[in-house]
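Breakdown of the fold
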Amino acid sequence: MLFKWILLLVIAWYITKAFGNLITYLRGDAYPPSNPIEPTRSRNTVHVHKPTDRDPVRQRAQEIEDARFKDLD
């Protein structure tokens, strides 16, 4: 019986939070985010990695020839 009342209180708390957020939205008030996002870098820098021709994976891909299939009939 006690568990039922605790569960009802938790559900009622969530419902009141939802209605409060709905009223805040309808008023047009700004809702502050719970976890503000901070930039990871202080400077705006872009790092680009350009693969070189000496990359072994690229060389292996260029060495592979297209397969040619022959009909055995």
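What you are looking at is a predicted structure, and each value in this text was computed from that prediction instead of being measured.

Some thoughts on the overall build of the protein chain
Check the secondary structure of the protein chain and you find two helices and zero strands. Within the protein chain, the fraction of its 73 residues that count as buried is 0%. Of the roughly 8500 Å² of accessible surface on the protein chain, 59% is carried by carbon and sulfur atoms.

Considerations on a nonpolar patch on the surface
A cluster of nonpolar side chains, Phe-3, Leu-7, Ile-11, Ile-15, Phe-19, Leu-22, Tyr-25 and Leu-26, forms an exposed patch at the surface whose accessible area comes to about 910 Å². Tracing the backbone shows Ile-15 in helix α1 (residues 2-27). A residue is classified by how much of its surface remains accessible, and Ile-15, at 44% relative accessible area, is partly exposed.

Details of α1
Counted at 1.5 Å a residue, the expected span for α1 with its 26 residues is 38 Å, and the 38 Å between its end C-alpha atoms agrees. Gly-28 lies just past α1 and shows a positive phi near 90 degrees.

Some points on the packing of aromatic side chains
For the coordinates displayed, the defined rule picks out one aromatic pair. Here the aromatic rings of Trp-13 and Tyr-14 are separated by 5.0 Å at their centres, their planes lie at 70 degrees, and the arrangement is edge-to-face.

Criteria and thresholds
Residues numbered from 1 in each chain as written. Predicted model: local features only at pLDDT ≥ 70, side-chain atom pairs only at ≥ 80, totals over all residues. Heavy atoms only, no water. Helix = DSSP H or I, 4+ residues; strand = E, 2+ residues; numbered from the N terminus. Buried < 20%, exposed > 50% of the residue type's maximum accessible area, 1.4 Å probe, protein only. Areas by Shrake-Rupley, 256 points an atom, 1.4 Å probe, with all protein chains shown as cover. Patch = residues over 30% accessible without salt bridge, like charges linked within 9 Å, V, L, I, M, F, W, Y side chains within 5 Å. Salt bridge = Lys/Arg side-chain N within 4 Å of Asp/Glu carboxyl O. Expected span 1.5 Å × (residues − 1). Phe/Tyr/Trp six-rings, centres within 6.5 Å; stacked < 30°, edge-to-face > 60°.

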